[in-house]
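Given next are the chains, with one letter for each unit.
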Amino acid sequence: MKITLVMVSSIDGRFTRGNESDIHLWSSKEDNDHFTRLRDTHSLIVMGSGTYVAIRETLHLSEDKLRVVLTTNPKKYINKSVENQLEFSNETPKKLVEHLSKRGYKKMLLVGGPRLASSFFAFHLVNELYLTIEPKIFGKGNTFTSKTIIDADLKFMSVKKLNKKGTLLFRYSVH
Ligand SMILES: NC(=O)c1ccc[n+]([C@@H]2O[C@H](COP(=O)([O-])OP(=O)(O)OC[C@H]3O[C@@H](n4cnc5c(N)ncnc54)[C@H](OP(=O)(O)O)[C@@H]3O)[C@@H](O)[C@H]2O)c1
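This section reports on the structure supplied with the text. (Residues numbered from 1 in each chain as written. Predicted model: local features only at pLDDT ≥ 70, side-chain atom pairs only at ≥ 80, totals over all residues. Heavy atoms only, no water.)

**Here's the deal with the overall build of the protein chain**
- On a plain count of helices and strands, the protein chain comes out with four helices and eight strands.
- What you see for the protein chain is a C-alpha radius of gyration of 16 Å, in line with the 16 Å of a compact globule of 175 residues.
- A separation threshold of at least 6 residues defines the contact pool for the protein chain, and within that pool the share at least 24 residues apart is 65%.
- Summed over all atoms, the accessible surface of the protein chain reaches about 10100 Å², with 52% contributed by carbon and sulfur.
- In the protein chain, 28 positive and 18 negative side-chain charges are present, and the distance between their average locations comes to 2 Å. (Helix = DSSP H or I, 4+ residues; strand = E, 2+ residues; numbered from the N terminus. Rg over C-alpha atoms; globule rule 2.2 N^0.38 Å. Contact = heavy atoms within 4.5 Å. Areas by Shrake-Rupley, 256 points an atom, 1.4 Å probe, with all protein chains shown as cover. Lys, Arg positive; Asp, Glu negative; His and termini not counted. Charge placed at Lys NZ, Arg CZ, Asp CG, Glu CD.)

**With respect to the nonpolar core**
- Ranked by size, the top nonpolar core spans 26 residues in total, and within it Val-46, Met-108, Leu-110 and Phe-120 carry the most contacts.
- Secondary-structure elements contributing two or more residues to this core are strand E1 (2-10), strand E2 (44-48), strand E3 (66-70), helix H3 (93-102), strand E5 (107-110), helix H4 (114-122), strand E6 (128-134) and strand E8 (168-174).
- Apart from residues lying up to four places away in sequence, Met-108 is in contact with Met-1, Lys-2, Ile-3, Thr-4, His-42, Leu-44, Val-46, Leu-96, Val-97, Leu-100 and Phe-120.
- In terms of nonpolar packing, the next biggest core, distinct from the first, is built from 15 residues, Val-69, Tyr-77, Val-111 and Leu-162 among them. (Core = buried A, V, L, I, M, F, W, Y, C linked by side-chain atoms within 4.5 Å. Buried < 20%, exposed > 50% of the residue type's maximum accessible area, 1.4 Å probe, protein only.)

**With respect to the pattern of salt bridges**
- With the rule as written, the count across this model stands at eight salt bridges.
- Ionic pairing is found between Arg-17 and Glu-20, a salt bridge with its closest N-O pair at 3.0 Å.
- The closest approach of N and O atoms between Arg-103 and Glu-87, which form a salt bridge, is 2.9 Å. Taken together, the positions of Arg-103 in the loop between H3 and E5 and Glu-87 in strand E4 (residues 86-89) put the pair 16 residues apart, joining distant regions of the chain.
- Here the salt bridges share partners, and the residues they tie into one network are Lys-2, Glu-128 and Arg-171. (Salt bridge = Lys/Arg side-chain N within 4 Å of Asp/Glu carboxyl O.)

**Quick notes on the packing of aromatic side chains**
- Under the criterion given, the structure shown has nine aromatic pairs.
- Consider the rings of Tyr-52 and Tyr-77, whose centres lie 5.8 Å apart with planes at 85°: the pair is edge-to-face. Of this pair, Tyr-52 sits in helix H2 (residues 49-55) while Tyr-77 sits in the loop between E3 and E4; the two residues are 25 residues apart in sequence, bridging distant segments of the chain. You'll find Tyr-52 and Tyr-77 in the same group, each marked buried.
- Ring geometry for Tyr-77 versus Phe-88: centroids 4.8 Å apart, planes at 5°, classification stacked. Taken together, the residues Tyr-77 in the loop between E3 and E4 and Phe-88 in strand E4 connect sequence positions 11 residues apart. (Phe/Tyr/Trp six-rings, centres within 6.5 Å; stacked < 30°, edge-to-face > 60°.)

**Remarks on the site of the ligand**
- Surveying the vicinity of the ligand reveals 24 residues, the closest of which are Val-8, Ser-21, Thr-51, Thr-71 and Thr-72.
- Residue Gly-50 places a main-chain N or O atom 3.1 Å away from an oxygen atom belonging to the ligand.
- Between the ligand and the protein, one listed contact pairs an oxygen atom with a side-chain N or O atom of Arg-115 at 3.1 Å.
- Calculation on the ligand without its partners gives an accessible area of 910 Å², and the protein chains cover 85% of this total.
- When contributions to the shell around the ligand are tallied by element, the ones reaching two or more residues are E1, H2 and H4.
- A class-by-class count of the residues in the shell around the ligand yields 10 nonpolar, 12 polar and two charged. (Near = heavy atom within 4 Å. Polar contact = N/O pair within 3.5 Å; in protein donor to acceptor, adjacent residues only side chain to side chain. Nonpolar A, V, L, I, M, F, W, Y, C, P; charged D, E, K, R; others polar.)

Geometric values such as these leave the question of function open.
Here it is in structure tokens:
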């Protein structure tokens, strides 16, 4: 399974602006276009429950896309679950990847948030990272945090300037 993580950050490494949950209030249209392109080329999307809660009002389910939400309490979301479209799981990232591989999925797009991303990095499961840096500084907001030590080696692949104000899209491979 090829696992790609896509995230957008401020210059000071914040994945949210303070306590706001909607990242589209500060991320650029060009970053959103890039995200949409990636999302449209993946039939398997995995997110943490924090991200699901932030986007659930605007989430459009479809038969050709499975979204999996990781949570320690899947029962809480039982009435939202739609088989093969929106599933809730408390499997470890490793078990989840094994199980979804057996179901025939070849690639996975991880769309955050930071806690989920940290847990996949801790298991050395991320193969590729798209990181957009918006030219902003927030001071407060969610960072890449984890109770587990992460020791990931990344290799720079490319950088692209997405707009005039200098939003940068980095691509890394992860070893
Ligand atoms: N800047 C970006 O690129 C970006 C991307 C996505 C989201 N966000 C923003 O980030 C915010 C959410 O942040 P967050 O840190 O709460 O993010 P999150 O990673 O979406 O959610 C964390 C929650 O997901 C569950 N979870 C994560 N990893 C798990 C694992 N391995 N096993 C079981 N459960 C796991 C836990 O849920 P339970 O508490 O339910 O057990 C945990 O509390 C939102 O405001 C969202 O808009 C930013």
